[in-house]
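If you want the building blocks of each chain, they are given just below.
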Amino acid sequence: MDETSDEPPTSAVLLDNCHFSQVVFNNVEKFYVPGGDVTCYYTLTQNIVPRGKDWVGIFRVGWKTTREYYTFMWAPLPSDAHSDTAVQQQIQFKAYYLPKDDEYYQFCYVDQDGVVRGASVPFQFRAETEDDILVVTTQGEVEEIELQNKNLRKENEELKASCASLQKQNIDLQEEVNKTQELQNSLESLRSNTEKLELELNSLKKENKHLKELDDCRGAELHQLKEQIQNVTSNKERLETRLKAALDHLDQLQSQVLNYEKEVENLSLMDHDKTEQLESLKEENRELRMTRTQQKEQNKELEHCMEYLNGTEAKLSLCLSHSLQNEQQQNRDLMKKLEEQKRLFQILQAKKNEVDEKNQKLREENDRLLRHLSQAREVSSFSVVSQAQAPIPAPDVGSLLFGNPYCGEITWHSVLNRKDMADSIRKCPMCDEVFPEDIETSQYEAHVQSHLLECPLCSESFEKSNKQVFDDHIFCHGLE
C-alpha cells in the first residue's frame, strides 16, 4: 500500500465511462522481478489537466471500479501544468508495497474525481525465464500485440470523440448553470418583493378594519338623522292633512255662501223698505269681509310656513350627503331651525287667538244688531226673517288649524251682504286674476293648475314661483 495514510479519491464509475487515452504509459515491461522497486513511466497529453489529488495505482487485471486498486502513489504535478504539449512523468513504487503473486496487473492513472484517465498493458511480478523470452519472439504474440495496438488506437479515436462530446455537454451545462443562477437571483428578488407586498397587505388590512369601524359609527349617526327627518316629515304630513281639511271645509262654506246669495236676492226684492237698515248692515258686513281678508292673509302665511317647512326638509335631505364631514354643525343648525319653527308656530298661534277674539267680538256685535233689528221689524215680515235665521250646522272648530271665523249663527241680514264676496270666489289665489261668475269651474281650476308644479312620485303640488322647493322635494325622493 501507499506509504501515506490518506486514501485516494475513488468512484464507482464503470470502465465504459473512463478515458484511457489521456495518459499514456511508456516502457512497461511484460514482467517485473519480485523484491525490487518498480519505476513507472507515463506521458500526460494535452487533453488532461493534472491536479493535486491525481494518483497512479496498480490494479489486478479484471478490475471493475477504481476502488479495487492494490497500491497507489500520488502523481507529482509537472513544472508546467498548463503546457499545451505532452509532459513526460515518472513515479517509483517501493518493493515492499508490490504484489507477491504472479497474477497480471496494470498501471492506471486516476484523477482526483476518481475517473481513470489512462491504463498500461498488463504485466506480471515474477522472475525472467528462457521460455518467456521465446514466447515474446513468437509470431503469434507479435500479431496479438499489433491487434491490441490497433484496438487501442481505435479506442483512442472513440475517446477523443467522447471527449469532444463531453466538452460540448460541459459548455451546455455551464450555460444552464448560469441560467439557473439568474433564475435564483430573480427568485430572491421576487421573495423580497413578496415580503414587501405582504407588509403592505397587512397595513392595508389594518387600515380597512379601521375604516369599517368608522363606517359603522357614521352609519349609526346617519340612521339617527334619518329618524329625525322621518319625524319632521310625519309632522309636515299631519299639518298638510289639517290644512287640506280646512280648505275642504272652506269650499263647503263657499258653496253655502252661493246658495245664501241666491236666497238674499229673492229676499232683497221683498224687503225694499228695509234698504236703509241694510246699508248699515252692509257697513258691518264690509268690516266682516275685511276680517275675512285678514283670515286669508293668515292662511297665506300658513302656506308660506308650509313651504318653509318643505324647504327645510329639502335642505335637511341635502345635508345628509355631507353628514359624514359636518354632522355636528348640521345638527346644531337643524336645532336652531326647529327652534325658529317653534317660535314661528307660537307667533302664528298667538295671531290665530287674536283673530278668534276679534271674530267673537264681531259675532257678538252682529247678534246685538240682529236683536235690535228684530224688535223694529213689522209682524208681516217676521215669518220671512225667521226662515232666513234658521241655524246652519257649523263645523267643528277644533278640526280646523286656525278655527272657523264663520262658525257663528248666520242670519238673513249677514247672508244678504255676502253677495259682495262673490268676486273673491272666482279670484285666482296665485295671480289675483278675477273671473266672471259664469265661468266654468273646470276653466277656473285649469287656470289655477297652470301656476302649480305637481310631483310625479307623490302628486304633491308646488307653486312655480317656488321651483327650488319643488327641486329639493324631487331630490328627497331620490335619497329614499
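Residues numbered from 1 in each chain as written. Predicted model: local features only at pLDDT ≥ 70, side-chain atom pairs only at ≥ 80, totals over all residues. Heavy atoms only, no water.

Student: Account for the pattern of salt bridges, with residues named and values stated.
Tutor: Enumeration over the complete set of coordinates arrives at 13 salt bridges. One salt bridge connects Glu460 with Lys236, and the closest N-O pair in it is separated by 4.0 Å. Taken together, the residues span a long stretch of sequence, with Glu460 in the loop between strand 10 (452-454) and strand 11 (461-463) and Lys236 in helix 2 (residues 139-270) at a distance of 224 residues. Under the relative-accessibility criterion, Glu460 is labelled buried at 16%. A residue is classified by how much of its surface remains accessible, and Lys236, at 6% relative accessible area, is buried. Put simply, Glu365 and Arg368 hold a salt bridge, and the shortest N to O gap is 2.0 Å. Here Glu365 pairs with Arg368, and both are found in helix 4 (residues 323-376), just three residues apart, close to one helical turn. What makes Glu365 partly exposed here is its relative accessible area of 35%. (Salt bridge = Lys/Arg side-chain N within 4 Å of Asp/Glu carboxyl O. Helix = DSSP H or I, 4+ residues; strand = E, 2+ residues; numbered from the N terminus. Buried < 20%, exposed > 50% of the residue type's maximum accessible area, 1.4 Å probe, protein only.)

Student: Explain the nonpolar core residue by residue, including any values.
Tutor: Counting 21 residues, the largest nonpolar core has Phe25, Cys40, Tyr42, Val56, Phe93, Phe107 and Tyr109 as the members making the most contacts within it. Residue assignment for this core shows that the elements contributing at least two residues are strand 1 (23-26), strand 3 (38-44), strand 4 (55-60), strand 6 (87-93) and strand 7 (105-110). Counting residues per element, this core draws most heavily on strand 3, which supplies four residues. Formed by 10 residues, the second largest nonpolar core is a distinct cluster that contains Trp55, Phe59, Phe72 and Leu159. (Core = buried A, V, L, I, M, F, W, Y, C linked by side-chain atoms within 4.5 Å.)

Student: Tell me about unusual backbone geometry, and name the residues and values.
Tutor: For Asn27, which is not glycine, the phi torsion reads 55 degrees and is therefore positive. For Asn27, the position within the fold is in the loop between strand 1 and strand 2 (31-32). Judged by its relative accessible area of 60%, Asn27 is exposed. Backbone geometry at Ser459 places phi at a positive 65 degrees, although glycine is not the residue there. Here Ser459 shows up in the loop between strand 10 and strand 11. What makes Ser459 partly exposed here is its relative accessible area of 47%.

Student: Explain the confidence of the model for the protein chain to me, using residue names and the numbers behind them.
Tutor: Mean pLDDT over the protein chain works out to 79, with 82% of the residues at or above the 70 mark. The low-confidence segment residues 1-5, where pLDDT is below 50, has 13 contacts with residues more than four positions distant or belonging to other chains. Here residues 132-137 scores under 50 on pLDDT; set against residues more than four positions off or in separate chains, the count is eight contacts. (pLDDT = per-residue confidence, 0-100. Contact = heavy atoms within 4.5 Å.)

Student: Before we move on, could you go through a nonpolar patch on the surface and cite the residues and values that matter?
Tutor: Taken together, Leu318, Phe475 and Leu479 make up a surface patch of nonpolar side chains, about 220 Å² in accessible area. One can find Leu479 in helix 9 (residues 467-479). (Patch = residues over 30% accessible without salt bridge, like charges linked within 9 Å, V, L, I, M, F, W, Y side chains within 5 Å. Areas by Shrake-Rupley, 256 points an atom, 1.4 Å probe, with all protein chains shown as cover.)

Student: Just give me the short version of the packing of aromatic side chains, but keep the residues and values in it.
Tutor: Summed over all chains, the structure comprises 19 aromatic pairs. An angle of 85 degrees between the planes, with centres 5.2 Å apart, marks the rings of Tyr96 and Tyr97 as edge-to-face. Owing to a relative accessible area of 69%, Tyr96 belongs among the exposed residues under this scheme. Taken together, Phe25, Tyr32, Tyr42, Tyr70, Phe93, Tyr105, Phe107, Tyr109, Phe123 and Phe125 form an aromatic cluster joined through their ring pairs. The cationic tip of Lys53 hangs over the ring face of Trp74; the distance from NZ or CZ to the ring centre is 5.1 Å. One cation-aromatic arrangement involves Arg126 over Phe31; the distance from NZ or CZ to the ring centre is 5.6 Å. (Phe/Tyr/Trp six-rings, centres within 6.5 Å; stacked < 30°, edge-to-face > 60°. Lys NZ or Arg CZ within 6 Å of the ring centre and 35° of its normal.)

Student: Summarise the sheet that holds strand 8 (residues 116-119); cite the residues concerned and give the values.
Tutor: Taking strand neighbours across the sheet as the criterion, the four strands line up as 5-4-7-8 in an open arrangement whose pairing is antiparallel. Looking along the sheet, the strands with just one partner apiece sit at the ends: strand 5 (69-74) and strand 8. The mean angle between the axes of side-by-side strands here comes to 25 degrees, regardless of whether they run parallel or antiparallel. Inspection of the sheet shows strand 7 paired to strand 8 by three bridges, in the antiparallel sense. Residue pairing in the sheet places Cys108 in a bridge with Ala119 of strand 8. (Pairing = 2+ DSSP bridges. Axes fitted to C-alpha atoms, helices over the stretch in contact; angles between N-to-C directions.)

Student: I'd love a proper account of the sheet that holds strand 3, names of residues and values included.
Tutor: The three strands are arranged 1-3-6 in an open sheet whose pairing can be described as antiparallel. Whereas interior strands pair on both sides, the edge strands pair on one side only; in this sheet they are strand 1 and strand 6. Looking at each pair of strands side by side, their axes are set apart by 30 degrees on average, direction ignored. Summarising the sheet, strand 3 and strand 6 pair through seven bridges and their orientation is antiparallel. Looking at the pairing, Thr39 lines up with Gln92 of strand 6.

Student: Describe the side chain of Asp472, naming the residues involved and giving the relevant values.
Tutor: With respect to the helices, strands and loops of the structure, Asp472 is situated in helix 9. According to the relative accessible area criterion, Asp472 is buried, its value standing at 9%. In this view, Asp472 contacts Ala314 and Leu318; residues no more than four positions away in its chain are not counted.

Student: Can you explain the pairing of strand 3? Please cite residues and give values.
Tutor: Taking burial as the measure, the seven residues of strand 3 include five buried ones, the bulk of the element. One ladder, built from four bridges, connects strand 1 with strand 3; its direction is antiparallel. Across the sheet, the residue bridging to Phe25 is Tyr42, located in strand 3.

Student: Would you mind going over helix 8 (residues 441-449) in detail, with residue names and values included?
Tutor: If you check which residues of helix 8 are buried, you get Tyr444, His447 and Val448. Considered in projection along helix 8, the buried side chains sweep an arc of 100 degrees and stay on one side of the axis. (Arc of directions from axis to C-beta.)

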